[in-house]
Amino acid sequence: MNLNDCYNFQDFRKLAKKRLPSPIFHYIDGAADDEVTYNRNTAAYNDADLIPNVLRGVENVDLSTTIFGKKLDLPFYCAPTALQRLFHYEGERAVGKAAQKFGTMFGVSSLGTVSVEEISSIVSTPKMFQFYFHKDRGLNDNMLERVKAAKFDVLALTVDTITGGNRERDLRTGFTSPPRLTLSSLFSFASKPMWAINYLTKPKFELPQLQDHVSEGTNTATSIGSYFSSMLDQSMNWKDAEKICSKWGGHFALKGIMSVEDAKKAVDIGCTGIMVSNHGGRQLDGARAPFDQLAEIVDAVGDKIDVICEGGIQRGTHILKALSVGAKACSGGRMYLYALASAGQAGVERALGLYRSELERDMKLMGCTNIKELNRSNIKFR
């Protein structure tokens, strides 16, 4: 199997599994506890049916949307994800360049492996920075200033990682950042020689947003669950979020909102958007799926802020369903990470291209020429 054999999300997943050492594949692929929420995130879309209209004259389809004051050519974007250099040596450079080619937004994580300064110099597409609120206030201030200086368009504070989720696959495989060779993991790394050669010979694995302040994750191997539980500030509250919003002074979002009550509070503190997200099922297992929660959150705040549906998306029709319910756009991590692991920038471009083609085709089959035409009259829940 190679990149040309990949036609959908599951194909990229299979190819990524073939290319990556087991601990790294399962870090992307895994989630918390019994992975009930992780599976529901995608299954939720199957409980809604699309109702197409016909004879609408659909030769020209406009997929563009506007979020955070920026027009995107596509109604979905590459959500910020950690540690991309581990999945492919091109890391965030590949994802950023692919996003730019497709005219959509690209997110960089606090645990990103390319500096915000470099990303800013090579990618001109709208950019989001995902902010983790650390115990180290000096680190928080430094990160904020650097992101501001790098002229990122949106700051997204992640609010659902107040402690690490119980990611049992990572415990079983011994996954850490940076990877730690143990007797049990040695075979897995040795059995993927191309990954190992690229990891060892290409630019060194780093966490440039963090490494001047903390050794965990770069010089000291740690699991992501341990990092969240020990390095992030568990006392973070609404006042802290409001202060960050005020200090930032630009488009500001909370990533990881799941309740109507919290969505309303996000409006009150000055957010311009929220990501309805449960962190890909990687935090609280048994939590509701974003798509299941979307309608009531849109009804509560959709006229005041941009509501993004994030998580579980594997098809263009999933995006259509979320937009029909009232999301302004969708985002995801795994939707491009398997493709990144499969073939770097070329992989991400192929994945984004497939989603775009699916959306164009499905919009025509829905009888819609503009995503503004999608609404709840064209969707029915079982």
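Cut-offs used in this document
Going along each chain's sequence as written, the residues are numbered from 1 onward. Totals for whole chains, interfaces and linings use all residues, but because this is a predicted model, local features are given only for residues with pLDDT of at least 70 and pairs of side-chain atoms are given and counted only at 80 or more. Note that water and hydrogens are dropped before the side-chain values are worked out from all heavy atoms of the structure. Going along the chain from the N terminus, every DSSP run of H or I of four or more residues is numbered as a helix, and every run of E of two or more is numbered as a strand. This radius of gyration counts C-alpha atoms alone. The globule rule is 2.2 Å times how many residues there are, raised to the power 0.38. Residue burial is assigned from relative accessible area. The probe radius is 1.4 Å, only protein chains are included, and a residue is buried under 20% of its type maximum, exposed over 50%, and partly exposed in between. Note on aromatic pairs: the rings of Phe, Tyr and Trp (six-membered ring only in Trp) are paired at centre separations within 6.5 Å, and the planes decide the class, stacked below 30 degrees, edge-to-face beyond 60, tilted for the rest. By definition, being over a ring means that NZ of Lys or CZ of Arg is both within 6 Å of the ring centre and within 35 degrees of the ring normal. Only buried residues count toward a nonpolar core. Its members are Ala, Val, Leu, Ile, Met, Phe, Trp, Tyr and Cys residues joined through side-chain atoms within 4.5 Å. Should any heavy atoms of two residues lie within 4.5 Å, those residues are considered in contact. For helices, the fitted axis covers only the stretch in contact; all axes are lines through C-alpha atoms, and the angles between them, taken along N-to-C directions, range from 0 to 180 degrees. Any angle that falls under 35 degrees is termed roughly parallel, while one over 145 is termed roughly antiparallel, one within 65 to 115 roughly perpendicular, and all others oblique. Note on residue classes: Ala, Val, Leu, Ile, Met, Phe, Trp, Tyr, Cys and Pro are nonpolar, Asp, Glu, Lys and Arg are charged, and everything else, Gly too, is polar. Here a crossing is called left-handed whenever its near helix is offset anticlockwise from the far helix by less than a right angle, and right-handed whenever the offset is clockwise. When DSSP finds two or more bridges between two strands, those strands count as paired. By definition, the crossover connecting two strands over a helix is right-handed if that path, from the first strand to the second, turns clockwise as seen with the strands pointing away from the viewer. Any carboxyl oxygen of Asp or Glu within 4 Å of a side-chain nitrogen of Lys or Arg constitutes a salt bridge here.

Caption draft 1: Expanded view of the overall build of the chain. Of regular secondary structure, the chain possesses 16 helices and 12 strands. By the compact-globule yardstick of 21 Å for 382 residues, the chain fits well, its C-alpha radius of gyration being 20 Å. Seen through its principal axes, the chain has C-alpha atoms that stretch 60 × 50 × 40 Å. For the chain, the proportion of its 382 residues judged to be buried stands at 59%.

Caption draft 2: Expanded view of the packing of aromatic side chains. Applying the stated rule across the entire model yields 11 aromatic pairs. Seen in terms of ring centroids, Phe129 and Phe152 are 6.2 Å apart; in terms of plane orientation they differ by 90°. Their pairing is edge-to-face. On the criterion of sequence distance, the pair formed by Phe129 in strand S6 (residues 127-131) and Phe152 in the loop between helix H7 (137-149) and strand S7 (154-158) is long-range, its members being 23 residues apart. Phe152 shares its class with Phe129; the two are buried. Consider the rings of Phe189 and Trp195, whose centres lie 5.4 Å apart with planes at 40°: the pair is tilted. Residue Phe189 shares its accessibility class with Trp195, and that shared class is buried. One aromatic cluster in this structure is built from Phe9, Phe25 and Tyr338. Above the face of the Tyr27 ring, Arg282 is positioned so that its terminal group lies 4.8 Å from the ring centre. The side chain of Arg350 reaches across the aromatic face of Tyr7, ending 5.3 Å from its centre.

Caption draft 3: A look at the nonpolar core. If you look at the biggest cluster of nonpolar residues, it comprises 113 residues, and the most contacted ones within it are Leu83, Phe87, Phe252, Leu254, Ile274 and Leu294. With 14 residues, the single largest contributor to this core is helix H16 (residues 334-366). Contacts of Ile274, omitting those with residues within four sequence positions, involve Ala253, Leu254, Ile257, Ala263, Ala266, Ile297, Val301, Ile305, Asp306, Val307 and Ile308.

Caption draft 4: A look at the packing of helix H2 (residues 22-29) against helix H9 (residues 183-190). Interaxial distance between H2 and H9 falls to 8 Å at its minimum, and their mutual angle equals 90°. For the element pair H2 / H9, the angle class is roughly perpendicular. For the pair H2 and H9, the contacting residues are Ser22, Pro23 and Ile24 in the first and Ser185, Ser188 and Phe189 in the second. Considering only residue class, the contact of H2 with H9 consists of three nonpolar, three polar and no charged.

Caption draft 5: The environment of Glu145, seen in detail. Tracing the backbone through its elements, the reader meets Glu145 in helix H7. Owing to a relative accessible area of 47%, Glu145 belongs among the partly exposed residues under this scheme. Measuring from C-alpha to C-alpha, the distance between Glu145 and Trp248 comes to 8.5 Å, with 103 residues separating the pair along the chain.

Caption draft 6: Structural view of the packing of helix H5 (residues 91-101) against H16. Where H5 meets H16, the axes come as close as 8 Å, and the angle between the chain directions of the two elements is 20°. Taken together, the axes of H5 and H16 lie roughly parallel to each other. Considering the relative orientation of H5 and H16, their crossing is left-handed. Note on element contacts: H16 touches H5 through Tyr336, Leu340, Gly344, Gln345, Val348, Glu349 and Leu352, opposite Gly91, Ala94, Val95, Lys97, Ala98, Ala99 and Lys101. Split into classes, the residues belonging to the contact of H5 with H16 amount to eight nonpolar, three polar and three charged.

Caption draft 7: Local environment of the pairing of strand S11 (residues 329-332). Of the two faces of S11, the one lined by Ala329 and Ser331 and the one lined by Cys330 and Gly332 are each fully buried. Judged from the three bridges that link them, strand S4 (residues 76-78) and S11 form a sheet pairing that is parallel. In the strand pairing of S11, Phe76 is matched with Cys330. In terms of strand pairing, strand S10 (residues 306-310) meets S11 through three bridges, oriented parallel. Across the sheet, Cys309 pairs through a bridge with Cys330, a residue of S11. Traced from S10 through helix H15 (residues 316-325) to S11, the parallel crossover comes out right-handed.

Caption draft 8: The pairing of S6, seen in detail. The buried fraction of S6 is high, at five of five residues. On S6, burial covers both faces: Lys127, Phe129 and Phe131 on one face and Met128 and Gln130 on the other are all buried. Relative to S6, strand S5 (residues 106-109) runs parallel, the two sharing four bridges. Its bridge partner being in S6, Gly107 is matched across the sheet by Met128. With helix H6 (residues 116-122) bridging S5 and its parallel neighbour S6, the resulting β-α-β unit is right-handed. Relative to S7, S6 runs parallel, the two sharing four bridges. Following the sheet pairing, Met128 is matched in S7 by Val154.

Caption draft 9: Quick look at the pattern of salt bridges. Taken as a whole and judged by the stated rule, the model has 19 salt bridges. Across the salt bridge formed by Arg169 and Glu35, the nearest N and O atoms sit 2.9 Å from each other. Of this pair, Arg169 sits in helix H8 (residues 168-173) while Glu35 sits in the loop between H2 and helix H3 (36-43), and the two are 134 residues apart along the sequence. Just as Arg169 is buried, Glu35 falls in that class too. Across the salt bridge formed by Arg137 and Asp233, the nearest N and O atoms sit 2.8 Å from each other.

Read these as layout, nothing more, since geometry by itself doesn't imply function.
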